[in-house]
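Observations on the model geometry
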Amino acid sequence: KNGIHPTTIMTGFRLALKDAVKFVKSTLMVPIDRLGDDAVLAAAKTSMASKLLNADEDFWSKLAVDAVRSVKTHTSDGKARYPVSSIHILKAHGKSSTDSELVNGFALNVQRAAQGMPAAVTNAKIALLDFPLQRHKVQMGVAVQVNDITEVEGIRQRELDI
């Protein structure tokens, strides 16, 4: 109607969007380090507001804030980053939601294979292996004995090739 092409209008909107985002980042954003714990907890409570979590909102907001702070990293220029993708949630059935806990480190969602196994191990040594520990059944009662540990990789590779 006014002789302006629609792509020109869209280009103008995109430029305005970039300027608006730049303005918000430069003047309205406050670094989380300058906010107090009360403000961060209140923001977490507001974002998680629901009928299910309302009764335990203090517990859940503290857990969420602690989880995000536990993955805090710094970039090469000194800026703080919070990679939320580094936070994983493991679900366990049969317990109350308030029995949830933040585990600093790596958690495995497994159970004991037998009742005789210990429930907890302290000062454990952990081996990182790149192959499964499951035994493969060799067909027709064939047994393979290895005298040199260097031969194991070659045998394993030949088994995988079959």
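So, a few notes on the structure that sits alongside this text.

Turning to the overall build of the protein, a few remarks are in order. Helix and strand content of the protein: four helices and two strands. What you see in the protein, going N to C, is helices and strands ordered as α-α-α-β-β-α. On C-alpha atoms alone, the protein measures out to a radius of gyration of 28 Å, which is more than a quarter above the 15 Å that the 2.2 N^0.38 rule sets for 162 residues. In terms of overall dimensions, the protein has a C-alpha envelope of 85 × 50 × 35 Å along the principal axes. Taken over 162 residues, the protein has a buried fraction of 5%. Counting contacts in the protein only where the partners sit at least 6 residues apart, residues at least 24 apart contribute 35% of the total.

Below, the discussion takes up the side chain of S61. By secondary structure assignment, the location of S61 is in helix α3 (residues 57–70). Residue classification places S61 among the buried residues on the basis of a relative accessible area of 1%. Engagement of the side chain of S61 in a polar contact is seen with the backbone oxygen of E57, the distance being 2.8 Å. Contacts of S61, omitting those with residues within four sequence positions, involve L41, A44, K45 and M48.

What follows covers the pattern of salt bridges. This structure, assessed with the given rule, holds three salt bridges. For the salt bridge of D58 with K45, the shortest nitrogen-to-oxygen distance reads 2.6 Å. Here K45 lies in helix α2 (residues 37–47) and D58 lies in helix α3, a separation of 13 residues in the sequence. The partner of K62 in a salt bridge is D66, and the shortest N-O contact between them spans 2.9 Å. Separated by four residues within a single helix, K62 and D66 lie in helix α3, roughly one turn from each other.

Attention now moves to the packing of aromatic side chains. For the structure on display, the rule yields one aromatic pair. Between F59 and W60 the ring centres are 5.2 Å apart and the planes differ by 80 degrees, which places this aromatic pair in the edge-to-face class.

Moving on, we get to the environment of V146. Take V146: it is sitting in the loop between β2 (80–81) and α4 (151–161). Using a relative accessible area of 33% as the deciding quantity, one classes V146 as partly exposed. Ignoring anything within four residues of it in the chain, the contact list for V146 reads E151, V152 and I155.

A few words now on the environment of T98. Inspection of the secondary structure puts T98 in the loop between β2 and α4. Separated by 38 residues in sequence, T98 and W60 place their C-alpha atoms 8.2 Å apart. Residues in contact with T98, not counting those within four places in the same chain, are D56 and F59. At a separation of 3.0 Å, a polar atom in the side chain of T98 contacts the side chain of S96.

Conventions we followed
Residues numbered from 1 in each chain as written. Predicted model: local features only at pLDDT ≥ 70, side-chain atom pairs only at ≥ 80, totals over all residues. Heavy atoms only, no water. Helix = DSSP H or I, 4+ residues; strand = E, 2+ residues; numbered from the N terminus. Rg over C-alpha atoms; globule rule 2.2 N^0.38 Å. Buried < 20%, exposed > 50% of the residue type's maximum accessible area, 1.4 Å probe, protein only. Contact = heavy atoms within 4.5 Å. Polar contact = N/O pair within 3.5 Å; in protein donor to acceptor, adjacent residues only side chain to side chain. Salt bridge = Lys/Arg side-chain N within 4 Å of Asp/Glu carboxyl O. Phe/Tyr/Trp six-rings, centres within 6.5 Å; stacked < 30°, edge-to-face > 60°.

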